[in-house]
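Structural description and commentary
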Amino acid sequence: MRDFLDERPLKLRREPAGDRGYWRVIALALVLLLVSVLMLVLDRQGIITPVHLRLREVLQPLASWLTERRTDLVSWWSTPRDVATMQARIAELEAENARLAAEVLRLKQVQVENSFLRQQLAITRSYPWTILGAEVMVLAPDAARRVLTIARGAEDGVRVGMAVISQQPGGPPALIGVVEAVGPRTADVLMITDISSQLSVRLLQADSAPLGLMQGQWQRGSRLRVELIDRSLAMREGDHVVTAGISGALDLPLDLAAMPQAVPIGVIEAVRQEGQRQIGEIRPFVDPDQVRYVWVIISQDG
Amino acid sequence: MGNNQSRRIEERLARELGLVLILLLLALIQVTLLTAPTGFCIPLLLVLAIGRALVGAGTAEPVRGFMRGLWWAFYSGIALDLLGSMPFGSHAIAHLVAVLVVGLATRRFAVERPLVSLLAVACGTLIYEAVLWLTVLPSGSDWQAYVRVVMLPSLLLALIPTLPTVALLYRLVRTV
C-alpha cells in the first residue's frame, strides 16, 4: 500500500500474527552468541589479548579525560556553596590576569607532584623497595570484579604479579592489589578485596608470625578475611597482617614471586570460629576503592 | 542497478559503523561518568539494548526491530569488553542472553506501558549479572551474597534511566 499524498510506502502496524519469523531472531542470537563465545575462548587462550590491550590503549586518553571531568564534577558538587561563591570570585580575579592564573595552576600541579614524590621518598627510605608511582586511570566498569587500571605499563618495567601499594594520611603504605595484566603503557591491578584474590600472609604476633591465607570478600559484602594454616594457633584482634612473600622467598617460577614479603595489609578487626576454623576479618590500612595514586613495587632489594 | 546495490551496502556499513562508534562513546561515558565511588555504574548500554529490542518489537516489523536490539546488545557488549577487565566477550554474551530472553518474553506486551519497560529492564539486569557471575567468578562462590551485594544494587541503578531511555528510543525509532 502506498500513501499517495507523499509518495512514500505506508507501514501499518501488524496485527498479532503469532510467532512467525521469530526463528530469524533466534538464529541471529545464536550466531552472535557463538561469535562472543569464540572471542571468550580466544581471549582465555591469550590469542586476542594483545589486540584487546592495544585497542584499550587507544581509548585510554579519552577515558582518563572523562574520569578527570567526573572527579571535578564530584568535587564541585561536594563543595559548600559559600566556598563556591568565593571560588567564583577568585576565578573572576584570575581571569583578569591570565599569566598569574597559569602560574598558580602550574605551581599547584608541582605541589601535587611534590607531595606524591615526598610520599614516595618516605616509603623508599622506610622500606627496601624500588617503587614506581602511577596514577589510577579508571576503575573497572563492572561490579563483578574489583580491578583498576593504572597509567604505567610494560614500557615502565611493570610486570604481572608485582605488588601495588598506596597510602592514606596517617597510615602506613599498604598493599591494595596485584598487577594482573600489562599493556605497553597501562596495567590492570586486581584489588586484594576481589573474591578471586588470594595471598599468603603472616600475622605479626608478640612471639611468632604464623602463616595464613587471605582472600578478598567484596562480592560477599565484606572486605578481607584470613584463615591460619596451622589451626592449633590462635588469632587475636589487633594482630597486624603483612604479605608472606613465599613464592619469592622460595624462588618459585610464579607470577607472585614478584610479591615482596612484609608489605603491610591491615589489622585483624574481628575473629570468629567456624567449626574447627578460625576466621579473621581484616580492616585494610588503605581502601582500594578510594585510591587515586599508587606505587608499583618494582623490586624488593632497594 | 549494480551501482545502486553497492551504494546501499556502503550506506548500511556506514550506518553500522556510526552506531558502533556511538555505542563505544556511550560505553566510555558509562565506565567513567556514570560510576559511583562504591564501585557500581549505571548499566546504560544494557538499558539501551533492551529498550531498542522492546521498541523494535512493537513496530510494524517486529522481527526486524527485535534483531536490531540484538545487534545493539552485541555492539554494546563488545564496547564494554573493550574497556573492561573481564575476559573479552563476557559482556557481549551477557547482553545477548539478557536481550534475547527479555525480548522474547515481552514481545506481546505494549512497550508504551511503563511497567513493561521497568519489568523488562529489571529481569534483563538480573540475567545479565547472573551470566557475568557464571562466566567470571570462581566456582563455589556464595551466590546469595552476590545477589545481595552486586545484583540488587545493579538492578536499582538500571531502573533509574529506564523510562527516559525507552521514551527517547520510542520517539527516535517511531519517527525515523
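Predicted, not measured: the structure shown is a model, and the values here were computed from it.

A count of helical and extended segments in chain B gives 7 helices and 0 strands. The linear arrangement of helices and strands in chain B, starting from the amino end, is α-α-α-α-α-α-α. Relative to its 176 residues, chain B shows a buried fraction of 56%. Taking contacts inside chain B between residues at least 6 apart in sequence as the whole, the part at least 24 apart equals 66%.

On the chain B side, the residues contacting the 51 residues of chain A number 57 residues. For the pair chain A and chain B, the summed buried surface comes to about 4,900 Å²; carbon and sulfur atoms form 70% of the total. Across the contact surface, chain A and chain B share 0 salt bridges. One can count 7 residue pairs in polar contact (both at pLDDT 80 or more) joining chain A with chain B. Among the secondary structure elements, those contributing two or more residues to the side of chain A that touches chain B are α1 (22-44), α2 (49-78) and β3 (130-139) of chain A. Counting residues per element, the side of chain A that touches chain B draws most heavily on α1(A), at 15 residues.

Take the sheet that holds strand β13 (residues 277-284) of chain A next. Residues and elements named next belong to chain A. One closed barrel holds the 6 strands; their spatial order is β8-β9-β10-β13-β12-β11, and the pairing between them is antiparallel. The sheet shows a mean angle of 40° between the axes of neighbouring strands, direction not considered. Of the pairings in the sheet, the one linking strand β8 (residues 198-204) to strand β9 (residues 211-216) comprises 5 bridges and is antiparallel in character. The partner of Q198 across the bridge, within β9, is Q215.

Now for the pattern of salt bridges. Residues and elements named next belong to chain A. With the rule as written, the count across this model stands at 16 salt bridges over all chains. Of the charged contacts, one joins E180 and R145 as a salt bridge, the two residues approaching to 2.7 Å between their closest N and O atoms. Here R145 lies in the loop between β3 and β4 (147-150) and E180 lies in strand β6 (residues 174-182), a separation of 35 residues in the sequence. Take R145: its relative accessible area is 9%, and that puts it in the buried class.

Turning next to the packing of α1(A) against helix α3 (residues 62-83) of chain B. Any two packed helices are characterised by how steeply their axes cross, that is the angle between the axes, and by the distance between the axes. In contact at an axis separation of 9 Å, α1(A) and α3(B) are set at 10° when each is read in the N-to-C sense. On the basis of the axis angle, α1(A) is roughly parallel to α3(B). On α3(B), the residues that touch Y22(A), R24(A), V25(A), L28(A), A29(A), L32(A), V35(A), S36(A) and M39(A) of α1(A) are P62(B), V63(B), F66(B), M67(B), L70(B), W71(B), F74(B) and I78(B).

Ranked by size, the top nonpolar core spans 71 residues in total, and within it V25(A), I50(B), L70(B), F74(B) and V99(B) carry the most contacts. The element that contributes the greatest number of residues to this core is α3(B), accounting for 13 residues. Each residue touching V99(B), except ones within four places of it in the same chain, is listed here: A49(B), I50(B), A53(B), F66(B), G69(B), L70(B) and A73(B). Counting residues in each nonpolar core, the second largest holds 25 residues, with W129(A), I165(A), V178(A) and M214(A) among its members.

So, about the sheet that holds β3(A). Ordered by their spatial adjacency, 6 strands build a closed barrel running β3-β4-β7-β6-β5-β14 (chain A), and the pairing between neighbours is antiparallel. In this sheet, neighbouring strand axes are inclined to one another by 45° on average, regardless of whether the strands run parallel or antiparallel.

With that out of the way, let us pick up the confidence of the model for chain B. Mean pLDDT over chain B: 87, with 94% of residues reaching 70 or higher. Overall fold confidence (pTM) sits at 0.60, and the ipTM for the predicted complex is 0.88.

This model, assessed by the stated rule, comprises 4 cavities of 30 Å³ or more. Quantified by volume, the second largest cavity comes out at close to 80 Å³. Within the lining of the second largest cavity, the residues separate by chemical class into 7 nonpolar, 3 polar and 1 charged.

When pLDDT is averaged along chain A, the result is 82, and 88% of the positions lie at 70 or above. Counted against residues more than four places away or in other chains, residues 1-10 of chain A, with its pLDDT under 50, gives 9 contacts.

Another point: the pairing of β4(A). Residue and element names in this part refer to chain A. Going residue by residue along β4, you find V147 and T149 tucked away on one face and L148 and I150 tucked away on the opposite face as well. Two strands pair when backbone bridges link them, and β3 and β4 are joined in this way by 3 bridges, in the antiparallel orientation. By the bridge assignment for β4, V136 is matched with I150. One ladder, built from 4 bridges, connects β4 with strand β7 (residues 187-191); its direction is antiparallel. From the neighbouring strand, L148 faces β7, where its bridge partner is V189.

Thresholds applied
The written sequence of each chain sets the order in which its residues are numbered from 1. To read the labels, note that chains go from A and ligands from 1, taken in the order they are written. Local features in this predicted model are restricted to residues of pLDDT 70 or higher, and side-chain atom pairs are both shown and tallied only at a pLDDT of 80 or more, whereas totals for entire chains, interfaces and linings draw on every residue. Here the side-chain values reflect all heavy atoms present in the structure, with hydrogen atoms and water set aside. Note on conventions: DSSP H or I runs of at least 4 residues are helices, E runs of at least 2 residues are strands, and numbering of each starts at the N terminus. Exposed residues in this analysis have more than 50% of their type's maximum accessible area, buried residues have under 20%, and partly exposed residues fall in between, with area computed by a 1.4 Å probe over protein chains only. Contacts are residue-level and defined by heavy atoms, with any inter-residue pair within 4.5 Å sufficient. Two parts lose some accessible area (1.4 Å probe) when they are put together, and adding that loss for both gives the buried area. The working definition used for a salt bridge is a side-chain nitrogen of Lys or Arg within 4 Å of a carboxyl oxygen of Asp or Glu. We define a polar contact as two N or O atoms separated by no more than 3.5 Å, with the added condition that, inside protein, one atom must be a possible hydrogen donor and the other a possible acceptor, whereas residues neighbouring each other in sequence contribute only through side-chain atom pairs. The criterion for strand pairing is that DSSP finds at least two bridges linking the strands in question. Between N-to-C directions, angles span 0 to 180 degrees; the directions come from axes that are lines fitted to C-alpha atoms, helices contributing only their stretch in contact. For classification, angles of less than 35 degrees are called roughly parallel, those exceeding 145 degrees roughly antiparallel, those between 65 and 115 degrees roughly perpendicular, and all remaining angles oblique. Working definition of a nonpolar core: buried Ala, Val, Leu, Ile, Met, Phe, Trp, Tyr and Cys residues. They are joined through side-chain atoms within 4.5 Å. What pLDDT reports is the predictor's confidence in each residue, on a scale of 0 through 100. Detection works on a 1 Å grid of protein atoms alone, calling trapped sets that fit a 1.4 Å probe cavities and calling open sets with protein on both sides within 12 Å along at least five of seven lines pockets, with lining residues defined by an atom within 4 Å of a point. Grid points are joined across faces, edges and corners, and a volume is the space filled by probe spheres set on the points. All amino acids are sorted into three groups, where Ala, Val, Leu, Ile, Met, Phe, Trp, Tyr, Cys and Pro are nonpolar, Asp, Glu, Lys and Arg are charged, and the leftover types, Gly among them, are polar.

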